Amino acid sequence: MCLAIPGKVIEIQQDDAGVRMGKASFGGIVKQVCLEYTPEVSCGDYILVHVGFALSKVDPEQARRTYEALDELNQLTELQVETELKPIQSSGPSP
Amino acid sequence: MKYLDEYRNEEVANRILQEIRREATRPWVLMEVCGGQTHSIVKYGLDRLLPDGIELVHGPGCPVCVTSLEMIDKAHAVARRPEVIFCSFGDMLRVPGSKGDLLLLKSQGADIRIVYSPIDCLKIARQNPDRKVVFFAIGFETTAPANAMAVWQAKRQQVHNFSVLVSHVLVPPSIASILQSPLNRVQGFLGPGHVCTVMGYREYEPIAARFKVPIVITGFEPIDLLQGVLCAIRQLEQGRADVENAYPRVVRREGNRAAQELIGKVFEVCDRKWRGVGSIPKSGYKLRWEFRDHDAERIFDVKEIDTKEPSICISGMVLKGIKKPTDCPAFGKQCNPEHPLGATMVSAEGACAAYHAYGRHLALEPKELAPLG
């Protein structure tokens, strides 16, 4: 029920009643979205959408930092696995 | 899809799991608050990948599940009226009231429509000026901005034939209620990421401090959830009890101010009855008096309907994290998604329905699985 998914803003306009609306693309599926709660958003930004309303702008900098932290985790925990590479020897009949 | 696919990366998930295994030195019980998180956890089997002793119990955060039986009966009383077009999110249609569900009512001729967004109802209202359009406004804080906007615009644009049947619920009082229970087992929370997108997480700080539990604001994808678990365990192992934001790409501490402002203009806090749990003080929203002309409970005079809930299932204990769906003797037998006996089986995001959808009724010993690695 609290499902909300990230979409890319591709169009912004006011509707007849003056409500800030727009269109967002969710992996190619385009839906109408109310942008009243995200006045800072412009075309090309990613937004988090729940029941037709943008609740938040997705912060690319924060997303990048989270992934950097995960990379650090990788360096801390990844075990050095020695891989034994066996030379491939031809077993076919000699010419 | 950007901001989705990278949070479902198996390699990264394994890395976080490795770190969880490294840091956890003793058993901990964590609760994910939101039904969407429960669904993801069970769908991807994340709980079964955690080391032995790290237990996830499932929280009360499925608004479809916790909408009280009496509110469903009120919805039926309104939807049955010939002048009414009753609009709802799709997942409310299957929720059983005292006398069947809204789908049954629809099959008997009631004009019940599924909408994607509450704002769509205004259009339906304008297209049907001689009918009364009612929206079943359920949900947690995540959905409140949408429902508030529909009511606000109806008043502003003078759409007189639109009203809402409000059954909004709030997360912080429900968490506090769980922690106050003498049976409580929860030692840390994965906080509701999308609720906090709207409300921020300041109101969780006194709860974390008072009950000495870490609350980690967590997203919904597998990587988000595992990261939430890691942060919570790290805090518990270090003896900390902070509110931590593990979902910063969309959640800010102050939340969405514009949304909070409109919620505050349209709704006020009230006591609310939760299905399977009972009444929790100050745990819901109702319409403010200024919006009474859009209040379906008042317009259709259904305020007095009072339904007692049957005590046949353990969903109340499941919603509080005291029991697991598999602890119930009726789970997967008398109680299943076609014939739900209680709250947690009625919606796909309910813990019992999620367990059932992913075959947990077929193998009832999840705790006996060996840890990976």
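Residues numbered from 1 in each chain as written. Chains lettered and ligands numbered in written order. Predicted model: local features only at pLDDT ≥ 70, side-chain atom pairs only at ≥ 80, totals over all residues.

A. Representation of the overall build of chain B. A count of helical and extended segments in chain B gives 17 helices and 11 strands. The C-alpha radius of gyration computed for chain B amounts to 21 Å, which stays within 12% of the reference 21 Å derived for 373 residues, consistent with globular compactness. Overall, the C-alpha framework of chain B stretches about 65 × 45 × 40 Å when taken along its three principal axes. (Helix = DSSP H or I, 4+ residues; strand = E, 2+ residues; numbered from the N terminus. Rg over C-alpha atoms; globule rule 2.2 N^0.38 Å.)

B. Quick look at the overall build of chain A. The helix and strand inventory of chain A stands at one helix and five strands. For chain A, the sequential pattern of α-helices and β-strands runs β-β-β-β-β-α. Counting across all 95 residues of chain A, residues that qualify as buried make up 29%. A separation threshold of at least 6 residues defines the contact pool for chain A, and within that pool the share at least 24 residues apart is 25%. (Buried ≥ 20, exposed ≤ 12 C-beta atoms within 10 Å, placed from the backbone. Contact = placed C-beta atoms within 7 Å.)

C. How the structure looks around the nonpolar core. By size, the foremost hydrophobic cluster in this structure holds 143 residues, and its most contacted members are Phe 53 and Ala 54 of chain A together with Ala 150, Phe 189 and Val 229 of chain B. Looking at this core, the element that brings in the most residues is helix H12 (residues 222-237) of chain B, giving nine residues. Split by domain, this core shows at least three residues from each of two domains, domain 1 (5-64 + 178-245) and domain 2 (65-170 + 255-299) of chain B. (Core = buried A, V, L, I, M, F, W, Y, C linked by C-beta atoms within 7 Å. Domains from an automatic or database assignment.)

D. Summary view of the confidence of the model for chain A. Chain-level pLDDT for chain A is 80 on average; 75% of the residues reach the 70-or-more range. Scored below 50 in pLDDT, residues 78-95 of chain A shows zero contacts in the model against residues more than four places distant or in partner chains. (pLDDT = per-residue confidence, 0-100.)

E. Spatial organisation of the domain arrangement of chain B. Residue and element names in this part refer to chain B. Examined at the domain level, chain B breaks down into domain 1 (5-64 + 178-245) and domain 2 (65-170 + 255-299). With centres defined by C-alpha atoms, the gap from domain 1 to domain 2 works out at 30 Å. Listed as interface residues are 13 residues of domain 1 and, on the opposing side, 20 residues of domain 2. At the level of elements, strand E2 (54-61), helix H4 (63-66) and helix H10 (193-199) are the ones that each hand at least two residues to the side of domain 1 that touches domain 2.

F. Spatial organisation of the sheet that holds strand E3 (residues 84-88) of chain B. All names here are of chain B. One open sheet accounts for six strands, arranged E4-E3-E5-E6-E11-E10; its pairing is mixed. A strand with exactly one partner marks an edge of an open sheet, and here the two such strands are strand E4 (112-114) and strand E10 (267-274). Each neighbouring strand pair of the sheet contributes to a mean axis angle of 25°, computed without reference to strand direction. Two elements, E3 and strand E5 (residues 132-139), share four bridges in a ladder whose sense is parallel. (Pairing = 2+ DSSP bridges. Axes fitted to C-alpha atoms, helices over the stretch in contact; angles between N-to-C directions.)

G. Broad picture of the interface of chain B and chain A. The interface of chain B with chain A comprises 42 residues on the first partner and 30 residues on the second. When contributions to the side of chain B that touches chain A are tallied by element, the ones reaching two or more residues are helix H1 (10-23), helix H2 (35-44), H4, helix H8 (144-156), H10 and helix H13 (257-266) of chain B. With six residues, the single largest contributor to the side of chain B that touches chain A is H1 of chain B. Tallied by class, residues from the side of chain B that touches chain A come to 23 nonpolar, 12 polar and seven charged. (Nonpolar A, V, L, I, M, F, W, Y, C, P; charged D, E, K, R; others polar.)

H. Highlighting helix H5 (residues 69-79) of chain B. Residue and element names in this part refer to chain B. When you tally the buried positions in H5, you get eight out of 11 residues, the bulk of the element. Burial in H5 covers these residues: Leu 69, Met 71, Ile 72, Lys 74, Ala 75, His 76, Val 78 and Ala 79. Turning to H5, the residues buried within the fold contact E3, helix H6 (102-107), E4, E5, strand E6 (162-169) and helix H14 (296-299).

I. Region of the structure containing the pairing of E10 of chain B. All names here are of chain B. Where E10 lies against strand E11 (residues 278-287), seven bridges are found, and the strand directions are antiparallel. Looking at the pairing, Phe 267 lines up with Leu 287 of E11. Counting the residues in the hairpin turn of E10 and E11 gives three residues, including Gly 276, whose phi is positive at 80°.

J. Broad picture of the pairing of E5 of chain B. Residues and elements named next belong to chain B. Of all the eight residues making up E5, eight are buried; the element is thus mostly covered by neighbouring parts of the structure. Residues Lys 132, Val 134, Phe 136 and Ile 138 line one face of E5 and the alternating positions Val 133, Phe 135, Ala 137 and Gly 139 line the opposite face, and both faces are buried. Where E5 and E6 come together, seven bridges link them in parallel fashion. Across the sheet, the residue bridging to Val 134 is Ser 163, located in E6.

K. The confidence of the model for chain B, seen in detail. All names here are of chain B. Across chain B, the average pLDDT comes to 92, with 96% of residues at or above 70. Long-range and interchain partners of residues 365-373, a stretch whose pLDDT sits below 50, account for 10 contacts in this model, where long-range means more than four residues apart. Interface scoring of the predicted complex returns ipTM 0.90; its pTM is 0.89.

L. Broad picture of unusual backbone geometry. At Val 51 of chain A, a residue that is not glycine, the phi angle is positive and equals roughly 35°. Inspection of the secondary structure puts Val 51 of chain A in the loop between strand E4 (46-50) and strand E5 (53-57). Residue Val 51 of chain A is classed as buried on the basis of its C-beta count, with 24 C-beta atoms lying within 10 Å. Phi at Gln 158 of chain B is positive, roughly 55°, even though this residue is not glycine. Structurally, Gln 158 of chain B is set in the loop between H8 and E6.

M. Region of interest: the sheet that holds strand E7 (residues 188-192) of chain B. Residues and elements named next belong to chain B. Taken together, five strands build an open sheet; the order of strands is E2-E1-E7-E8-E9 and the sheet is parallel. The two strands at the open ends of the sheet, each matched to only one other strand, are E2 and strand E9 (243-245). Averaged over all adjacent pairs, the angle separating strand axes in this sheet is 25°, with direction ignored. Across three bridges, the pairing between strand E8 (residues 215-218) and E9 is parallel. Bridged to Ile 217 within E9 is Asn 245. Against the sheet, H2 contacts strand E1 (28-34), E2, E7 and E8, and its axis sits at roughly 120° relative to E1.

N. Local environment of the packing of H1 of chain B against H12 of chain B. All names here are of chain B. Running from N to C, H1 and H12 point in directions that differ by 15°, and their axes come no closer than 10 Å. On the basis of the axis angle, H1 is roughly parallel to H12. Read as a crossing pair, H1 and H12 show a hand that is left-handed. Residues Val 12, Ala 13, Ile 16, Leu 17, Glu 19, Ile 20 and Glu 23 of H1 form the contact with H12, whose participating residues are Pro 222, Ile 223, Leu 226, Gln 227, Val 229, Leu 230, Ile 233, Arg 234 and Glu 237. Here the residues of the contact of H1 with H12 sort into 11 nonpolar, one polar and four charged. (Parallel < 35°, antiparallel > 145°, perpendicular 65-115°, else oblique. Left-handed = near helix turned anticlockwise from the far one by under 90°.)

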